[in-house]
There are 2 protein chains.
Amino acid sequence: MTEEKKKVSIALDCMGGDYAPTEIVKGAITAARTWNIKIFLVGKKSPIEEELQKYDISALDLEVVQADSIIEMGESPAKAVLKKKDSSIVVAVGLVEEGKAQAFVSAGNTGACMAASLIRLGRLTGIERPAIAALLPTLNRKPAILIDAGANAECDTKMLIQFAQMGSIFSSKVVGVENPRVGILNIGGEASKGNTLMLGAYKALKDNPGGINFVGNVEGREVFLGEVDVLVCDGFSGNVTLKVAEGVAKMLMQILRSELSHDFRNQLGAFLAKPAFKRVKKRLDYEEYGGSLLLGVNGITVIAHGGSNDSAIKNAIRVGMESVEKDVTSKIIGMCEMSAV
Amino acid sequence: MTEEKKKVSIALDCMGGDYAPTEIVKGAITAARTWNIKIFLVGKKSPIEEELQKYDISALDLEVVQADSIIEMGESPAKAVLKKKDSSIVVAVGLVEEGKAQAFVSAGNTGACMAASLIRLGRLTGIERPAIAALLPTLNRKPAILIDAGANAECDTKMLIQFAQMGSIFSSKVVGVENPRVGILNIGGEASKGNTLMLGAYKALKDNPGGINFVGNVEGREVFLGEVDVLVCDGFSGNVTLKVAEGVAKMLMQILRSELSHDFRNQLGAFLAKPAFKRVKKRLDYEEYGGSLLLGVNGITVIAHGGSNDSAIKNAIRVGMESVEKDVTSKIIGMCEMSAV
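Residues numbered from 1 in each chain as written. Chains lettered and ligands numbered in written order. Predicted model: local features only at pLDDT ≥ 70, side-chain atom pairs only at ≥ 80, totals over all residues. Heavy atoms only, no water.

## A few points about the relation of the copies chain B and chain A
So, step 1. By a simple turn and slide, chain B fits onto chain A: the slide is 0.0 Å along the axis, the RMSD is 0.1 Å, and the turn is 180 degrees. The relationship between the two copies is best expressed as a two-fold rotation axis. Taking C-alpha positions as reference, the residue of chain B nearest the rotation axis is Gly269(B), located at 1.8 Å.
So, step 2. A share of 100% of the interface residues of chain B reappears at the interface of chain A, consistent with the copies meeting face to face through the same patch. (Least-squares fit on C-alpha atoms with pLDDT ≥ 70 in both. Contact = heavy atoms within 4.5 Å.)

Written out as structure tokens, the structure is:
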């Protein structure tokens, strides 16, 4: 019997996100061309096939899977998941549940992606609550992981310890950071700083449970300057961090654009410096990172940004593929078993 | 009897901040030259007088007040304030307590400034907890107010309502925004979003208590795009917001600088666009805003950034002066009396 590396299969929601299905299908095609993977394109058959006709896909392993409905961005997640069993999100997660695919990728309703993953795939034994691990740009070339980025508005100490452990696994296995530095998001560096939750988390993490490399409290400023690889926090502060970062970057770029169009000298300067601006954009862009991972469910779920274009989708598929290849789920199961001993 | 506008007096801690006393004294001199105010320069006499000798101060109303010790940045605030009664912070706050000055300004240990203000000036009757109101740059020309920016790591609903009211007074009286839009920092726009604290605050604020102009939940992104004038939150999230914003701006500027030095074309572009970059820096810089106000104590306390230069100090003095002239404290007392009825 020859041992053969099993081909990774991705279940891709083609109806979710601002640019669905055009950019989603385009991203899938680039991904399938780049890596030797199978992609299930889940959604309404006719618009998906219309997009596919634009490309030569003869050599690619693509399969369209019909889903009759769509969960819209504004819908109440849990309700929609239970009601719309024929939606692209639920059908795609179902492919992972049935073992046909190993990872689910979507740029649609984040809450619905989480709810569908929780309901259909289930929580991993021993995990208190699944969490979203988002990738943040930093001054380093490797992004930092923010966990939880918004799945749990309220947390307790035990949850934060598991976030630290899961984040550490994600950082070392998928991002490729050796012995990732784990910090707690706090409002000062000293052990005595913060609210009750963070004080408890500090106490629990300071002895490096489960072999994580805990470096202490970190302020919101330091993560962007590259001082930690994993930033642990409750989902409320994490979501605030993510959105403030997005808002500040957007504001700065708009102010820069408006000031650069001020007069001819500045316009010329801006024209000449265009390559630099492009590189800056590339280093900051969520497109490059590809999406957040929902950690703690029994399967791989990648949540891409609602505004994902083809390149962001391709990278989200890459995150899913690498998480499958590096067997992130088994590593988390192992961590839970070790902690339980 | 002629009615005369009383000259504003400022008690300035000359020993606090990274560039004390040089930049602090320089800022005081510019402020005293620009506005008709009196400034008490509090700290060690000989270094302050050494700085003063560099300038022609004959026409200015400056008075050096000796303080023998300094509260350092790392010291435990409450303990230091109780122990070091001869520190520049405690002596300067004492001048406000005695009625010799109307506002206290410092770039020193933030916790110590708060503790000294609370202990010596006291809380305003009816105020649950004082809060720090920080100014955030936005796409609008007028900054938004973030309250609480870090005084209270843990908050309850009643505190948030008062933050909304105090922030509203600060925005309309000092920043000059008519009928300021007040939002809650949250992780989604819907009324059902957020943690227990924010759900409670939304419910309490939705009927616009005390005539504030409540516009609902706001995500961290939107405040920088200018969609609210006052952003209400607990001190933990507020401090995270402030520091994330600082970190992202710093990261972006560093990335931009490194990419612009990439080759000759980009360097030339950067050189030509220099005036635009300068204007961007000016629009974002905390120097322009001058410091945060501690609201809810019986007096005006302005907390400047630890890295304040002369221009930041001048603007911090301006914030103190305007808060005195616009009688922010009485307005807050009035608000408390109205709410108590």
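Read on for the rest.
## Some points on the packing of aromatic side chains
So, step 1. Under the counting rule described, the total for this entry stands at two aromatic pairs over all chains.
So, step 2. Between Tyr202(A) and Phe214(A), the aromatic rings sit 5.6 Å apart at their centres with planes inclined by 75 degrees, giving edge-to-face as the arrangement. With Tyr202(A) in helix α7 (residues 196-205) and Phe214(A) in strand β8 (residues 213-218), this pair connects stretches of sequence that are twelve residues apart.
So, step 3. Exposure remark for Phe214(A): the relative accessible area of 12% places this residue in the buried category.
So, step 4. The ring centre of Phe271(B) lies 5.3 Å from the NZ or CZ of Arg265(A), which sits over that ring. (Phe/Tyr/Trp six-rings, centres within 6.5 Å; stacked < 30°, edge-to-face > 60°. Helix = DSSP H or I, 4+ residues; strand = E, 2+ residues; numbered from the N terminus. Buried < 20%, exposed > 50% of the residue type's maximum accessible area, 1.4 Å probe, protein only. Lys NZ or Arg CZ within 6 Å of the ring centre and 35° of its normal.)

## So, the interface of chain B and chain A
A common way to report how large an interface is uses the accessible area buried once the components associate.
So, step 1. The interface of chain B with chain A comprises 57 residues on the first partner and 57 residues on the second.
So, step 2. Taken over both partners, the interface formed by chain B and chain A buries close to 5,300 Å², and the fraction arising from carbon and sulfur atoms is 71%.
So, step 3. Applying the counting criterion to the chain B and chain A interface returns four salt bridges.
So, step 4. When the shortest N-O distance is used, the salt bridge between Arg221(A) and Glu246(B) registers 3.0 Å.
So, step 5. For the pair chain B and chain A, the number of links is 15 residue pairs in polar contact (both at pLDDT 80 or more). (Buried area = accessible area lost by both parts, 1.4 Å probe. Salt bridge = Lys/Arg side-chain N within 4 Å of Asp/Glu carboxyl O. Polar contact = N/O pair within 3.5 Å; in protein donor to acceptor, adjacent residues only side chain to side chain.)

## Digging into the sheet that holds strand β11 (residues 300-303) of chain B
The pairing of strands in a sheet comes from backbone hydrogen bonds and takes either a parallel or an antiparallel form.
Residues and elements named next belong to chain B.
So, step 1. With respect to topology, eleven strands assemble into an open sheet ordered β3-β2-β1-β4-β11-β10-β5-β6-β9-β7-β8, the strand pairing being mixed. The sheet terminates laterally at β3 (62-66) and β8 (213-218), the two strands that pair on one side only. Each strand axis lies, on average, 25 degrees off the axis of its neighbour in the sheet, ignoring direction.
So, step 2. Two strands pair when backbone bridges link them, and strand β7 (residues 181-185) and strand β9 (residues 230-232) are joined in this way by three bridges, in the parallel orientation. When the bridges of β9 are listed, Val 182 appears paired with Val 230.
So, step 3. Lying on the sheet, helix α6 (residues 157-175) is in contact with β5 (131-136), β6 (144-147), β7, β9 and β10 (292-295); it crosses β6 at an angle near 150 degrees. (Pairing = 2+ DSSP bridges. Axes fitted to C-alpha atoms, helices over the stretch in contact; angles between N-to-C directions.)

## Brief notes about the pairing of β11(B)
Residue and element names in this part refer to chain B.
So, step 1. Here β11 shows no split at all, with Ile 300 and Val 302 on one side and Thr 301 and Ile 303 on the other all buried.
So, step 2. Bridging between strand β4 (residues 103-106) and β11 involves four bridges; their strand directions are parallel. Opposite Ser 106, over in β11, you have Ile 303 as the bridge partner.
So, step 3. Of the pairings in the sheet, the one linking β10 to β11 comprises three bridges and is antiparallel in character. The residue of β11 that forms the bridge with Leu 294 is Thr 301.
So, step 4. Between β10 and β11, which follow one another and run antiparallel, lie four residues, and Gly 296 among them has a positive phi close to 110 degrees.

## Remarks on the sheet that holds β8(A)
Residue and element names in this part refer to chain A.
So, step 1. Spatial strand order, β3-β2-β1-β4-β11-β10-β5-β6-β9-β7-β8: eleven strands in an open sheet with mixed pairing. Edge positions in the open sheet fall to β3 (61-66) and β8, since each of these has one partner strand only. Each neighbouring strand pair of the sheet contributes to a mean axis angle of 25 degrees, computed without reference to strand direction.
So, step 2. As paired elements, strand β5 (residues 131-136) and strand β10 (residues 292-295) share three bridges and run antiparallel to each other. Counted as the bridge partner of Ile 132 is Leu 294 from β10.
So, step 3. Sheet contacts for helix α5 (residues 110-121): β4 (103-106), β5, β10 and β11 (300-303); angle to β11, the most-contacted strand, approximately 175 degrees.
So, step 4. Contacts from helix α9 (residues 235-260) reach β5, β6 (144-147) and β7 (181-185), with the element oriented near 135 degrees to β6.

## Overview of the confidence of the model for chain A
Low pLDDT means the predicted atomic positions in that stretch should not be read closely.
So, step 1. Looking at chain A as a whole, its pLDDT mean stands at 90, while 97% of the residues score no less than 70.
So, step 2. Here the complex is predicted with pTM 0.88, and the ipTM for its interfaces comes to 0.86. (pLDDT = per-residue confidence, 0-100.)

## So, the environment of Val232(A)
All names here are of chain A.
So, step 1. Inspection of the secondary structure assignment puts Val 232 in strand β9 (residues 230-232).
So, step 2. Val 232 sits 69 residues away from Phe 163 along the chain, and the two C-alpha atoms are 6.5 Å apart.
So, step 3. Look past the residues within four positions of Val 232 in its chain and what remains in contact with it is Ile 147, Leu 160, Phe 163, Ala 164, Val 182, Gly 183, Ile 184 and Leu 185.

## Notes on the pattern of salt bridges
So, step 1. Under the definition given, this model contains 28 salt bridges over all chains.
So, step 2. A salt bridge links Glu75(B) to Lys84(B); the nearest nitrogen and oxygen atoms lie 2.7 Å apart.
So, step 3. The class of Glu75(B) is partly exposed, set by a relative accessible area of 22%.
So, step 4. Judged by its relative accessible area of 18%, Lys84(B) is buried.
So, step 5. Through salt bridges with shared partners, one network takes in Lys7(A), Lys38(A), Asp61(A) and Glu63(A).

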